[in-house]
Amino acid sequence: VNERLQELVRMFKERTEKAKEKLIDPDSSDEDSIISCDVTTPLSIISLFNSLISSSADLMYVLWMFLVSLAWNWNVWFIPVRWAFPYQTPDNIYYWLLTDYLCDLIYILDITVFQPRLQFIRGGDIVVSVTLEAFTVIDLVPLELFYFKTGINPLLRLPRLLKVRLYYCIFKPLVIRTTTYLLYCLHCNACLYYWGSALKGLGSTKWVYNGEGNSYIRCYYFAVKTLITIGGLPDPTTLFEIVFQLINYFVGVFAFSIMIGQMRDVVGAATAGQTYYRTCMDNTIKYMSSYRIPKDVQNRVKTWYNYTWQSQGMLDEQELLTQLPDKMRLDIAIDVNYSIVSKVPLFQGCDRQMIFDMLKSLRSVVYLPGDYVCKKGEVGREMYIIKAGEVQVVGGPDGKTVFVTLRAGSVFGEISLLAVGGGNRRTANVIAHGFANLFILDKKDLNEILVHYPESKKLLRKKARKMLTKGKKPEPKEEAKEPRQVPAAPVRQETPRLLRAALEMTEKSSRLKGALAKVKEKTNKSSISLQVNVHKT
């Protein structure tokens, strides 16, 4: 029975560890869901692809999305060019069609193999869809069948552009999107300008394209000058030219204003942190100046601001982490601080969950060179763990003698925090040797944590007592020499008077009892002799 129970415990532990791994790394559990989807897929070749490709292979999926984006960009950029410019000729038509159908094949593989395996959130649940959406079907509408009636017209491939949502998935930065919008507007304008010039006749007026040089480069140059309103263009003469030019101006002003506004937002978002830092620093300097704080203190405050911002990129880590859920804050704290705290000898052997709870209560504070972390005689309310840098324990008559130097991973202030032996006063001065980044654990937070972990509380107090006794070992040796020189007689003379009086009384009472016993014996003997005499008489 014991072996069976141990086996069950082991199995439950393995199951718990797997569940934790799935919570920490959800991608590790995707493979099972993918295989289950493969069973429902009717096509054997698609099942083969799905079994070879797992969503954990993020790099492979990214490469595939890059290939699909190339196919989509082919249609987006070359359909207008092939419609407006005379680049599609009977001699090279087969190369154009081969590339078109290759892009269509990529679309088909993406819709039938990759897209059904994507996961999305619906009502808070992760769902794997194996159905085709309406937009994905519209992307592949075979309008090319009209080639047999109208000839090979690239405009019949316009439904391929409906896969534009792929562009928003890949190009998320706002700057890239804005730049792409502007370039594509210029591209379409160049195509329309050549189409209008060909419709009116190349070189028929000064405004249209004259047919010299590279047609696309010349028309693109005209589009740039028009949309960005550089000027220097010939005046339109016909009604078509005037309307076309007015539309160009309106579109150019609209696109240019949007781009400037988005660039302003991008720059503002990129410098928001720096702006917040400068605002806090300026407000602090203004406050110190208004209260006439000494210059050396102001310089130290400025140094603290500069070093904290350069080393951490923020002034207060807790302000950032408070916006996250408790589970995410714990995961971040474990990744950042657990390797440091787990090496602290004081916490070795404690409950692991207790250490996790303690990590969420740690505060990071930066000390400047020469700053007092704590002073002797202060009431200890915090414990310190050195994250980076060094601190020195100093003392002596001048208060500058360095007793020991503590480095990253060391702990101090734990005796006052745990209040072992009733002492919660600092026993030494600790100053920062250079810039030091310390974790601070408040006494109130530690007590709230230890309420739920009584075994860890006993262990910590036991370790703190050992540390306290080790620190007091040298003192009894110095005091032990003095009692040896004192003779033992005076110590014996210090017998309490009450004890001696009690001893004397006991001696007197014992003597009185002896006398009474003797009197009793004599009376007994006399009574016996009297009875004998009476009997004789």
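Conventions we followed
- Residues numbered from 1 in each chain as written.
- Predicted model: local features only at pLDDT ≥ 70, side-chain atom pairs only at ≥ 80, totals over all residues.
- Heavy atoms only, no water.
- Axes fitted to C-alpha atoms, helices over the stretch in contact; angles between N-to-C directions.
- Helix = DSSP H or I, 4+ residues; strand = E, 2+ residues; numbered from the N terminus.
- Parallel < 35°, antiparallel > 145°, perpendicular 65-115°, else oblique.
- Contact = heavy atoms within 4.5 Å.
- UniProt positions renumbered as here; feature names shortened; annotations may be inferred.
- Expected span 1.5 Å × (residues − 1).
- Buried < 20%, exposed > 50% of the residue type's maximum accessible area, 1.4 Å probe, protein only.
- Arc of directions from axis to C-beta.
- Core = buried A, V, L, I, M, F, W, Y, C linked by side-chain atoms within 4.5 Å.

Participant: It is not clear to me how the packing of helix α15 (residues 326-341) against helix α16 (residues 352-361) should be interpreted in this structure. Could you clarify?
Facilitator: Pairs of packed helices are described in terms of their axes, by the angle between the two and the distance that separates them. Contact geometry for α15 and α16: axes closest at 8 Å, N-to-C directions at 105°. Taken together, the axes of α15 and α16 are roughly perpendicular relative to one another. On the side of α15, the interface is formed by D326, L330, A333, I334, N337, Y338 and V341, while α16 contributes R352, I355, F356, M358, L359 and K360.

Participant: Sorry, what's going on with unusual backbone geometry here?
Facilitator: With the exception of glycine, the majority of residues adopt a negative phi angle, and the majority of peptide bonds are in the trans configuration. In this model, R292 sits at a positive phi of 55°, which is unusual for a non-glycine residue. For R292, the location among the structural elements is in the loop between α12 (272-290) and α13 (295-312).

Participant: Mind showing me how you'd approach the UniProt feature "transmembrane region" (unreviewed entry) in the protein here?
Facilitator: Here, the residues flagged by UniProt with the feature "transmembrane region" (unreviewed entry) are residues 61-81, 93-114, 126-148, 169-195 and 242-260. End C-alpha atoms of residues 242-260 are separated by 27 Å, and the span's content is 100% helix alongside 0% strand.

Participant: Explanation requested: α13 in the structure shown.
Facilitator: Owing to its 3.6 residues per turn, the α-helix aligns residues three or four sequence positions apart on the same side. When the terminal C-alpha atoms of α13 are compared, their 26 Å separation across 18 residues agrees well with the 26 Å that a helix rising 1.5 Å per residue should span. Those residues of α13 lying buried are Q298, Y305, T308, W309 and Q312. Considered in projection along α13, the buried side chains sweep an arc of 100° and stay on one side of the axis. For α13, the exposed residues set more than 90 degrees away from the buried face come down to K295, D296 and Q310. Buried residues belonging to α13 abut α12, α14 (317-321), β3 (363-367) and β8 (429-442).

Participant: Help me understand the nonpolar core in this model?
Facilitator: Nonpolar side chains in soluble globular proteins generally cluster together in the buried interior. Counting residues in hydrophobic clusters, the biggest one holds 27 residues, and the most contacted among them are V341, F347, I385 and L460. Those elements giving two or more residues to this core turn out to be α15, α16, β5 (382-395), α17 (414-418), β8, α18 (443-450) and α19 (454-472). Here the element with the most residues in this core is α16; it accounts for five residues. For F347, the residues in contact, after removing those within four places along its chain, are V341, I355, M358, M383, I385, L460 and K463.

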